[in-house]
Structure formats: structure tokens, C-alpha cells
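One-letter residues, chain by chain:
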Amino acid sequence: MSVLEFRAVDKNYGRKKALDNVDLKLEAGQITGLLGPNGSGKTTMIKLANGLLQPTSGQILIDGMEPCPETKAKVAYLPDREFLPGYMSVERLIEFYSDFFGDFNHKKAEKMLEGLNISKSEILRKMSKGNREKIQLILVMSRDARVYFLDEPIAGVDPAARDYILRTIISNYCENSLVVISTHLIADVESVLDDVVFLKEGKITLHKEADRIREEEGKNVDELFREVFKC
Amino acid sequence: MLGKLMKHEFRAVGRIMLPLYGAWLVMSVLLGFTINLIEEQRIVGVIIALIYAAVTIAVIVLSIILIIQRFYKNLLGSEGYLMFTLPVSTAKHVWNKVISAAVWIVAGILMGIISVAVIMSCTGGIGTVKDAIGRVLHEITSEIGAGNTTLVFIELVVIALLIAGETALKIYASISAGHQWSNHRVLGAIIAFLAFGIIETILGNIIAVIGNSTDIMNRYYEATENMSPFAQGQLVLLLFTLLVAALTAVYYLVTYKLLQKRLNLE
């Protein structure tokens, strides 16, 4: 059984078609890049898998179950925006996460925080934007989840932060879990991807292992992306 | 999980309301001690009375704003991305907000009563008030008995909580309905709130017409004729409670269905 499965999923916003008959199966133990230009449906797919949207038709399954409280308990989600209550301190946020998520790993959180020089009594709203984004990532990656959805985790951050984020992702996921990273900044994430999905105007146009793309196409994922999505 | 939601909800509201309640009590004490000064030291008394009024208004306004904001911002704003990905059912999210709103509304009313009591004690007028309340209570008790007085008191608290919950759910249903209109969410919520009010009025009128055009009211009077005044009062209270409960159920279902099936965060 796949960890994440989309079965003939359509999603319309009014008359606009955001996803068109999407079929996709992803397995544990890999980092998958969900790649496509802005508006291609990446965020819609991730929101559907998190139960934040309902499909117009079709089915989304996580470990064989449609999104529900049980699947939410094993899905860790980093949205493409700031989503934590700004008045909370780091300490309160950790308490919040461990109250609700049984898979929250305090040791992992402590270790990541140590490297950041952020005091636990600091209020989220009073931090720099970069630190706020790191706190979000740390909370999400501190979970021992089955699936991690990271929506545009490296958009709008400086190259040093980009490295930090990718390192954090790689060093915190295990063989039992699936990581889905959505982004349009291919070059920066290419080195960490095992598996690649291209999404174009709501349709999946390619799903292949990154190594096979390089072998069979004779070019790297970034080059192929530029070719496929040429304007 | 509902318990955990409520814990964090009470912290979020409490961090604003509890200091405000504190300020209200302090101002009540000050007002109580200076209210008699108004004749001699007019300015001090008036200023304190004004601050007291301002704090009172702040408590009322913030209670309402927080009911709206804790739903609109925490569930349907960017924090919704956190809340709706917790392993918690939509029903629990709605109940968490309703219970919290009802409790804070009733807490506000109790604080108001306490505030008045504090002012009265400070001015020394509490004795007269106590006597008056005591006399009223005594009269009621001698009429319907001590057990029934307690019963009525409990019923009133329950009904107050129910009305508070119904009001909050009407607001939540309006916000959820307005949320469907992606570009004008606030306007949509206001229109939905007014529309719910109009529907309630129309339904009320229809029921009144039915009551007047059939002999249902006569039959009700006949059936209750031989009951004691206390039992009649209880029956009216029960019917009223059922009406409020029905409205609560309708607004709950509207809110629940919209959040469950048609959630669309920005």
C-alpha cells in the first residue's frame, strides 16, 4: 500500500479547473519533489491531502485512509505561509505541538533549537522573519511523522537559510516516512530529491526517479524542468 | 482532544480578558470609595467614574470582538492551517469555540454583578442591597419552596449559557457562510447574519399566524388551566429552552457542514 495516493482527483474552484484527473502513488523512504510553476496545482494537492480542501471528485488516501483526524495524526505539514499564532512563545508552541501530536519528539526539537540561539521564552511575533520560518520548520520536522508535506519551504529565504532548511529536512526524516517538497526552485533542492513529479496546469506530466531522469534524458532535473515549462 | 483545545482556547482568550477583569475590579473598588466624594472633590470622582465606564465598555466590546476573532482568525485565517491539520474532528473545533464563547459571556455577566457588589460594599450600601435581595428571595422561597428556588436559579444559568451558545453559533454560521464568498468574506458574513435574522423573524411570524388562526393556543390554555402557577412557568421556560435549543442545533449544523465540506482557507 502506498503512503500517499491520489485516485482520479479533480478539483475545481468555481469554473476553474485546478487539478485534472490526478493519479499519483508515492512510497515511503523517499523525498519527492512536487515541481511545477506557480498556479500549477501544487498547493491544491497538498491542501487536499491535509483535508483542508475537499476534492470535486476522486479520492485521496494516506496509508489507505481518506483525510481524517487519524491521518492528520501522522501527517506533518509546513504551509506556504506563516501559520502559527504570533503571541505564543517558543515554549508554548512546543507545548501546543506535543499536546496534539503524539509523534512530537522533544529531543529533536531541543537539538534543533540549540543550534539556533533562540531562547525558548521568545515570542514568535517579536522574532525576525527568518527565525519565524525556522521555528515553523523545526516544529514540523520535530515530529516523527509518516508523511511530511513541505510547501515552498525555501521560497523567499537567503541561500544560507536555504542550506539550513535542506539540512534540517534530510537529517530529520527516516526511512519509514515520505517527504513531499513542493517548489519551483529546482536547482536548490535537486540534490536532495529521490523522486520527481512534474505538475503542469493541474495535470501530472511526469513522475520518475531523479536518477533515471539524469540517466535517460541526459540532463538534470533543473534543465528538464526549464525545457518542459518553457514560456 | 476537546480538553486540549479548550485549554489553549482559554489561554488565548484569558490573556486578554483576565487582565481586563482585573482592571474592572480595581476600578470598581476605586469607584466605590470615591463615589461619595463626588460632592466635595467632583473632578476625582468624575474621572474615576469615566475610567470605570470605559473599562466596562471595553469588557463588553472585547468580549464580542474576541468571539468573532477567535473563530474568524483562528479557524478561517492563516492559523486555520494549523488548527485544521490537528488530529481533531471539525465537530470538536466548533464545540470548543461555542463552549468558550458561552463561558466567557456568562463570566462577563458574573463579573458585572461582582463589580456592582464591590462598589456597593465600598460605599457601604451593600447592606441595603443585601436586605432587598434577601426579601425578594424570601418571598420567592415562601411561594415555591427552597428546592424550587434553587431549581429556577440553575435553570436560569443553563438558559443563559444556552442563549450565549446560540448567539455565538449564529455568528459562527454567518462567518462560515460569508467565507464562501472568497472576495468579500466580511461583507458576506454581515449579509448572512442579517439574512439569518430575517429568516428567524419570518419563521416567528409564521408560527404566530398559525397560533392565531388555529385553536392551538386555546387548547394549550385548557390543558394548562389546572396547573399551579409554578408548573405553568416551568412549562413556558421549557418551551423557550426547546426553541433556543432548536436554533442552536440549526446554526451548529450550518457551521459544521460549511467547515467540513466547504472549507477554503485563503
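An account of the accompanying structure is given in this report. (Residues numbered from 1 in each chain as written. Chains lettered and ligands numbered in written order. Predicted model: local features only at pLDDT ≥ 70, side-chain atom pairs only at ≥ 80, totals over all residues.)

## Concerning the overall build of chain B
Secondary structure summary: chain B contains nine helices and zero strands in total. Beginning at the N terminus, the succession of helices and strands in chain B can be written as α-α-α-α-α-α-α-α-α. With the C-alpha coordinates of chain B rotated into their principal frame, the extents come out at 60 × 55 × 35 Å. Per-residue burial over chain B gives 23% buried out of 266 residues. Residue pairs at least 24 apart in sequence account for 76% of intrachain contacts in chain B once pairs closer than 6 positions are excluded. (Helix = DSSP H or I, 4+ residues; strand = E, 2+ residues; numbered from the N terminus. Buried ≥ 20, exposed ≤ 12 C-beta atoms within 10 Å, placed from the backbone. Contact = placed C-beta atoms within 7 Å.)

## Focus: the pairing of strand E3 (residues 30-35) of chain A
Residues and elements named next belong to chain A. The buried count for E3 comes to five of six residues, which makes it a mostly enclosed element. Here six bridges tie E3 to strand E7 (residues 178-183), and the two strands are oriented parallel to one another. In the sheet register, Gly33 faces E7, and the bridge partner there is Ile181. Taken together, the four bridges between E3 and strand E8 (residues 195-200) define a ladder with parallel strand orientation. When the sheet's bridge partners are listed, Gly33 is paired in E8 with Val196. (Pairing = 2+ DSSP bridges.)

## As for the sheet that holds strand E5 (residues 75-78) of chain A
All names here are of chain A. The six strands lie next to each other as E5-E6-E7-E3-E8-E9, forming an open sheet whose pairing is mixed. At either end of the open sheet lies a strand with only one pairing partner, and these are E5 and strand E9 (203-209). Shown here is a sheet whose adjacent strand axes are inclined to one another by a mean of 15 degrees, direction ignored. With six bridges connecting them, E8 and E9 associate as antiparallel partners. Paired with Lys200 across the two strands is Lys203, which belongs to E9. Each of E3, strand E6 (147-151), E7 and E8 is contacted by helix H1 (residues 42-49), which is oriented at about 145 degrees to E6, the strand it contacts most. With respect to the sheet, helix H5 (residues 129-141) is in contact with E5 and E6, its orientation differing from that of E5 by roughly 170 degrees. (Axes fitted to C-alpha atoms, helices over the stretch in contact; angles between N-to-C directions.)

## Things to note about the sheet that holds strand E2 (residues 16-26) of chain A
Residue and element names in this part refer to chain A. Taken together, three strands build an open sheet; the order of strands is E2-E1-E4 and the sheet is antiparallel. For this open sheet the edge positions go to E2 and strand E4 (57-62), each flanked by a neighbour on one side alone. Neighbour-to-neighbour, the strand axes of this sheet turn through a mean angle of 20 degrees, independent of strand direction. In the sheet, strand E1 (residues 4-13) pairs with E2 via seven bridges, with the strands oriented antiparallel. Considered in E2, the bridge of Val9 is made with Val22.

## Thoughts on the packing of H5(A) against helix H6 (residues 159-172) of chain A
In helix packing, the relevant descriptors are the interaxial angle and the interaxial distance, both defined with respect to the helix axes. Residues and elements named next belong to chain A. At a minimum axis distance of 10 Å, the contact between H5 and H6 shows a crossing angle of 10 degrees. Comparing the axis directions of H5 and H6 gives the class roughly parallel. Contacts between H5 and H6 involve Gly130, Leu137 and Met141 from the former and Ala161, Ile165, Thr168, Ile169 and Asn172 from the latter. Considered class by class, the residues forming the contact of H5 with H6 number five nonpolar, three polar and no charged. (Parallel < 35°, antiparallel > 145°, perpendicular 65-115°, else oblique. Nonpolar A, V, L, I, M, F, W, Y, C, P; charged D, E, K, R; others polar.)

## Considerations on the interface of chain B and chain A
You'll often see interface size given as the accessible area lost when the parts meet. Contact with chain B, which involves 16 residues of that partner, is made by 19 residues of chain A. Taken together, the elements giving at least two residues each to the side of chain B that touches chain A come down to helix H1 (2-34) and helix H3 (80-83) of chain B.

## Remarks on the nonpolar core
One finds A:Val147, A:Tyr148, A:Phe149, A:Val179, A:Val180 and B:Ala168 to be the most contacted residues of the largest nonpolar core, which totals 100 residues. Considering every element that reaches this core, the biggest residue donor is helix H6 (residues 146-178) of chain B, with eight residues. Setting aside its immediate chain neighbours within four residues, A:Phe149 contacts A:Ile46, A:Ala49, A:Asn50, A:Val75, A:Tyr77, A:Leu78 and A:Val180. If you look at the next biggest cluster of nonpolar residues, it comprises six residues, including B:Met27, B:Leu31, B:Tyr52 and B:Val55. (Core = buried A, V, L, I, M, F, W, Y, C linked by C-beta atoms within 7 Å.)

## Section: unusual backbone geometry
Residues and elements named next belong to chain A. The phi dihedral of Ala8 falls on the positive side, at around 45 degrees, and the residue is not glycine. The class for Ala8 is exposed, based on 12 C-beta atoms found within 10 Å. With a phi close to 60 degrees, Asn117 is a non-glycine residue in the positive phi region. By the element assignment, Asn117 lies in the loop between helix H4 (106-114) and H5. Exposure remark for Asn117: the 7 C-beta atoms within 10 Å place this residue in the exposed category.

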